[in-house]
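# Working through the structure, step by step
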Amino acid sequence: GNSVTQMEGPVTLSEEAFLTINCTYTATGYPSLFWYVQYPGEGLQLLLKATKADDKGSNKGFEATYRKETTSFHLEKGSVQVSDSAVYFCALRKNTGFQKLVFGTGTRLLVSP
Amino acid sequence: NAGVTQTPKFRVLKTGQSMTLLCAQDMNHEYMYWYRQDPGMGLRLIHYSVGEGTTAKGEVPDGYNVSRLKKQNFLLGLESAAPSQTSVYFCASSYRRNTSNQPQHFGDGTRLSIL
């Protein structure tokens, strides 16, 4: 079946540090890939997405590249801020017919001043 | 812009009680979803709807019922609440067109505790 594996958290960083949150997936075919972010007390918000191999999604300084050869979609940011503290979810959706989103377990990021 | 609105935001129930969680969206989305979020398990799909008057089971449907009588509303019911249903519940919606890369828009969640 389809699945998403994320690194366990929490990830604790100082402000301006470099961030990587690993995400790998298992799926038949070529799914679309997503990163969602959940700030405290809120619902999930789409952060970025990529719909085919080698696509790079980017938003708010975050980037992730769809790597088919390694089945990965790692999230990166060059310089994190305290306001980036949140839970980040990697997700996939297959591209045939109606398919549900499959979420990873989420990675909590804590950024200290 | 309201987006996806869930009510209530918080509720405590006793085992065996029933309740309905309400979800409303004002984006004219065809698809709507109910998820539950539990520690260490990410989000799991309970039920979903691809249009008014239709519903379908997700990964964890047991103990829940849903209805989509109007396009903008999706109701999640617990007929006889159990402690295992203590969770945070999220409603989401999305467009039907080009489903595969359409983002889902989420509400802020309902925190439900069953004693």
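Structure shown above.
Residues numbered from 1 in each chain as written. Chains lettered and ligands numbered in written order. Predicted model: local features only at pLDDT ≥ 70, side-chain atom pairs only at ≥ 80, totals over all residues. Heavy atoms only, no water.

## A look at the overall build of chain B
- The helix and strand tally for chain B stands at 0 helices and 11 strands.
- Reading the secondary structure of chain B in the N-to-C direction produces β-β-β-β-β-β-β-β-β-β-β.
- In terms of overall size, chain B behaves like a compact globule, its C-alpha atoms giving a radius of gyration of 13 Å where 115 residues would be expected to give roughly 13 Å.
- On the principal axes, the C-alpha backbone points of chain B span a range of 40 × 30 × 30 Å.
- Going through the 115 residues of chain B one by one, you find that 50% of them count as buried.
- Residue pairs at least 24 apart in sequence account for 55% of intrachain contacts in chain B once pairs closer than 6 positions are excluded.
- Summed over its atoms, the accessible surface of chain B is roughly 5,600 Å², and 50% of this surface lies on carbon and sulfur atoms. (Helix = DSSP H or I, 4+ residues; strand = E, 2+ residues; numbered from the N terminus. Rg over C-alpha atoms; globule rule 2.2 N^0.38 Å. Buried < 20%, exposed > 50% of the residue type's maximum accessible area, 1.4 Å probe, protein only. Contact = heavy atoms within 4.5 Å. Areas by Shrake-Rupley, 256 points an atom, 1.4 Å probe, with all protein chains shown as cover.)

## Focus: the pairing of strand β8 (residues 73-78) of chain B
Residue and element names in this part refer to chain B.
- Bridge count between strand β3 (residues 19-25) and β8: 6 bridges; the pairing is antiparallel. Bridging from a neighbouring strand, Leu-22 pairs with Leu-75 of β8.
- The antiparallel pairing of strand β7 (residues 64-67) with β8 creates a hairpin that spans 5 residues between the two strands. (Pairing = 2+ DSSP bridges.)

## Things to note about the packing of aromatic side chains
- Inspection of the entire model under this criterion finds 11 aromatic pairs over all chains.
- An angle of 35° between the planes, with centres 6.2 Å apart, marks the rings of Phe-34 of chain A and Tyr-36 of chain A as tilted.
- The class of Phe-34 of chain A is buried, set by a relative accessible area of 0%.
- What links up through ring pairs into an aromatic cluster is the set Phe-34, Tyr-36, Phe-89 and Phe-103 of chain A together with Tyr-33, Tyr-35 and Phe-106 of chain B. (Phe/Tyr/Trp six-rings, centres within 6.5 Å; stacked < 30°, edge-to-face > 60°.)

## Observations regarding the interface of chain B and chain A
- Listed per partner, the contact involves 22 residues of chain B and 21 residues of chain A.
- Of the roughly 1,700 Å² buried where chain B meets chain A, counting both sides, 60% is carbon and sulfur surface.
- For the pair chain B and chain A, the number of links is 1 salt bridge.
- Here Lys-100 of chain A ties to Glu-59 of chain B by a salt bridge, and the two come within 3.7 Å at their closest N and O atoms.
- In this assembly, chain B and chain A are joined by 3 residue pairs in polar contact (both at pLDDT 80 or more).
- Counting residues per element, the side of chain B that touches chain A draws most heavily on strand β4 (residues 31-37) of chain B, at 4 residues.
- Residues belonging to the side of chain B that touches chain A are distributed by class as follows: 11 nonpolar, 9 polar and 2 charged. (Buried area = accessible area lost by both parts, 1.4 Å probe. Salt bridge = Lys/Arg side-chain N within 4 Å of Asp/Glu carboxyl O. Polar contact = N/O pair within 3.5 Å; in protein donor to acceptor, adjacent residues only side chain to side chain. Nonpolar A, V, L, I, M, F, W, Y, C, P; charged D, E, K, R; others polar.)

## Section: a nonpolar patch on the surface
- A surface patch of nonpolar side chains, about 320 Å² in accessible area, is lined by Phe-10, Val-12 and Leu-115 of chain B.
- Following the sequence through the fold, Phe-10 of chain B ends up in strand β2 (residues 10-13). (Patch = residues over 30% accessible without salt bridge, like charges linked within 9 Å, V, L, I, M, F, W, Y side chains within 5 Å.)

## What about the pattern of salt bridges?
- Within this structure, the stated rule accounts for 6 salt bridges over all chains.
- The shortest N-O distance in the salt bridge between Glu-63 of chain A and Lys-56 of chain A comes to 3.6 Å.
- For Lys-56 of chain A, a relative accessible area of 51% puts it in the exposed group.
- Bridged by salt links that share partners, the residues Arg-36, Asp-38 and Arg-44 of chain B form one connected network.

## Focus on the state of the cysteines
Residue and element names in this part refer to chain B.
- Enumeration according to the criterion identifies 2 disulfides over all chains in this entry.
- Residue Cys-23 pairs covalently with Cys-91 via a disulfide, S to S 1.9 Å. Taking the sign of the torsion about the S-S bond as the criterion, the disulfide between Cys-23 and Cys-91, at about -75°, is left-handed. Taken together, the residues Cys-23 in strand β3 and Cys-91 in strand β9 (residues 87-94) connect sequence positions 68 residues apart. Grouping residues by exposure puts Cys-23 and Cys-91 together as buried. (Disulfide = S-S within 2.5 Å.)

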